[in-house]
Amino acid sequence: MRHHQGHVLQAAPEASRNSGVGGGHQAVELVLAHGSCYSTVLADESRKRVVVAIDGPAGAGKSTIARGLAERLGFTYIDTGAMYRAVALWALRQGVDWGDMHRLEQLAEAADIELSPGRIRLNGEDVTEAIRETAASNGASKVAVIPGVRRAMVAKQRAMGWRANVVMEGRDIGTVVFPDAEVKIYLDAHPGERVRRRLEEVRAKGETMEEAALAAHMAERDRRDSTRADAPLAQAPDAVYLDSTRQTIAEVQEAILKIVRSRVTNGKDFR
Ligand code: DC
């Protein structure tokens, strides 16, 4: 297994416009924090990267599962929801109106978003905790309805996925960002269970929130994410549907690993 720990993937804002699937390799700035064998892997420009796309609603377990999966595969984990959250946070700080689509698109294009294991930086500032606050969560699903914002995010995401093997999670990865992904998973869970998990996360952070308020908040975000005109949350026709309601994280990860092995390597390369 290759070890890709400690690296940073950064999509430079000004370069992102030209990128697309399989194109625009100049758009990605790959910074290796610790020496790794990535450089040799990347030296072969013709080598096809592997994309494992995981989509689904909030609270289905995507982040935990995708992160662990990436670790086991030696792939780069990309949380695309964090990118929308970062744009929303910037907009909040700038006092931009959620209706100002043009300005929000400008921010999304200009945002310098850097993902490294467990951390996210926006324009050089570590915003890992700030993007998880309620205002940024609400804002994320608002900026995510704007086609120009999505265009900018998709370009950055494609640029990140172009040069590295990735496990990328979000809402439109298998449908829009990488419709040619080798592995597509649609991860779902019963709404009640999704609320329960989010509540646990909130409480683990030492915060308090009424279950009914959280459920209403999640239902509203789900509604916005799945009914927007541009790239709504949807299962790609060729995605494997997995329901995590009664499964442990390890069980779901194992099920996805089996699919990766069968689709990508015939079981040879990846553990
Ligand atoms: O996964 P999350 O809750 O961190 O995502 C934050 C918001 O961003 C959520 O409302 C849906 C939106 N999103 C999106 O529209 N497309 C993605 N690929 C990822 C997230």
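Residues numbered from 1 in each chain as written. Predicted model: local features only at pLDDT ≥ 70, side-chain atom pairs only at ≥ 80, totals over all residues. Heavy atoms only, no water.

Participant: Explain the overall build of the protein here, please?
Facilitator: Along the backbone of the protein there are 10 helices and 10 strands. Expressed as a percentage of its 271 residues, the buried residues of the protein come to 53%. Carbon together with sulfur atoms contributes 51% to the accessible area of the protein, which is approximately 12000 Å² in total. (Helix = DSSP H or I, 4+ residues; strand = E, 2+ residues; numbered from the N terminus. Buried < 20%, exposed > 50% of the residue type's maximum accessible area, 1.4 Å probe, protein only. Areas by Shrake-Rupley, 256 points an atom, 1.4 Å probe, with all protein chains shown as cover.)

Participant: Would you take a moment to explain the pattern of salt bridges for this structure?
Facilitator: It is possible for side chains bearing opposite charge to pair when their charged atoms get close. Enumeration according to the criterion identifies 20 salt bridges in this entry. For Arg119, the salt bridge identified is with Glu129, shortest N-O distance 3.2 Å. A residue pair is termed long-range when its members are at least 10 positions apart, and Arg119 in strand S6 (residues 119–122) and Glu129 in the loop between strand S7 (125–126) and helix H5 (134–143) qualify at 10 residues. Here Arg119 falls in the partly exposed class, since its relative accessible area comes to 34%. For Glu193, the salt bridge is made with Arg197, and the minimal N-O distance between the two is 3.0 Å. Residue Glu193 and its partner Arg197 are both found in helix H8 (residues 191–204); the two are separated by 4 residues, about one turn of the helix. Arg197 gets classed as buried once you look at its relative accessible area, which sits at 17%. Ionic contacts of the salt-bridge type, sharing partners, join the residues Glu193, Arg196, Arg197 and Glu200 into one network. (Salt bridge = Lys/Arg side-chain N within 4 Å of Asp/Glu carboxyl O.)

Participant: Explain the nonpolar core here, please?
Facilitator: As a rule of thumb, soluble globular proteins bury nonpolar side chains together. In terms of nonpolar packing, the biggest core is built from 40 residues, with Ile113, Ile120, Val149 and Met153 touching the most fellow members. Take this core: its biggest share by element is 9 residues, from helix H3 (residues 80–94). Of all hydrophobic cores here, the second largest spans 21 residues; its members include Val50, Leu69, Ile256 and Leu257. (Core = buried A, V, L, I, M, F, W, Y, C linked by side-chain atoms within 4.5 Å.)

Participant: Sorry, what's going on with the packing of aromatic side chains here?
Facilitator: Tallied over the entire structure, the rule returns 1 aromatic pair. Relative to Tyr241, the ring of Tyr186 lies with its centre 6.0 Å away and its plane at 15 degrees, an arrangement referred to as stacked. Pair noted here: Tyr186 is in strand S9 (residues 183–188) and Tyr241 is in strand S10 (residues 240–243), with a separation of 55 residues, a long-range link. Judged by its relative accessible area of 11%, Tyr186 falls in the buried class. (Phe/Tyr/Trp six-rings, centres within 6.5 Å; stacked < 30°, edge-to-face > 60°.)

Participant: I would appreciate a short explanation of the sheet that holds strand S8 (residues 166–170) in the present structure.
Facilitator: Pairing between the strands of a sheet is mediated by backbone hydrogen bonds and can be parallel or antiparallel. With parallel pairing, 5 strands are arranged side by side in an open sheet as S4-S8-S3-S9-S10. Each of the sheet's edge strands pairs with one partner strand only, and the pair in question is strand S4 (76–79) and S10. Neighbour-to-neighbour, the strand axes of this sheet turn through a mean angle of 20 degrees, independent of strand direction. Pairing between S4 and S8: 4 bridges, direction parallel. Looking across to S8, one finds that Ile78 is bridged to Met168. Packed on one face of the sheet, helix H2 (residues 62–73) meets strand S3 (51–55), S4, S8 and S9 and runs near 175 degrees to S8. (Pairing = 2+ DSSP bridges. Axes fitted to C-alpha atoms, helices over the stretch in contact; angles between N-to-C directions. Contact = heavy atoms within 4.5 Å.)

Participant: Would you explain the packing of H3 against helix H4 (residues 101–110) in this entry?
Facilitator: Geometrically, a packed helix pair is captured by the angle between its two axes and the distance between the axes. One way to put it is that H3 packs onto H4 with a least axis distance of 10 Å and a crossing angle of 125 degrees. For the element pair H3 / H4, the angle class is oblique. At the point where H3 passes H4, the crossing takes the right-handed sense. Judged by residue contacts, Val87, Trp90, Ala91 and Gln94 of H3 engage Arg103, Leu104, Leu107, Ala108 and Ala110 from H4. By residue class, the composition of the contact of H3 with H4 is 7 nonpolar, 1 polar and 1 charged. (Parallel < 35°, antiparallel > 145°, perpendicular 65-115°, else oblique. Left-handed = near helix turned anticlockwise from the far one by under 90°. Nonpolar A, V, L, I, M, F, W, Y, C, P; charged D, E, K, R; others polar.)

Participant: Could you clarify how one ought to interpret H4 in this entry?
Facilitator: A turn of α-helix holds 3.6 residues, and therefore any two residues three or four places apart point the same way. Listed in full, the buried residues belonging to H4 are Leu104, Leu107 and Ala108. All buried residues of H4 fall inside an arc of 100 degrees around its axis, so they share one side. (Arc of directions from axis to C-beta.)

Participant: Sorry if this is basic, but what is going on with the environment of Glu182 here?
Facilitator: By the element assignment, Glu182 lies in the loop between helix H7 (173–177) and S9. You can call Glu182 partly exposed: its relative accessible area is 21%. Setting aside residues no more than four positions away along its own chain, Glu182 makes contact with Lys48, Arg49, Val50, Val51, Arg263 and Val264. Side-chain polar atoms of Glu182 contact the backbone nitrogen of Val51, separated by 2.9 Å. (Polar contact = N/O pair within 3.5 Å; in protein donor to acceptor, adjacent residues only side chain to side chain.)

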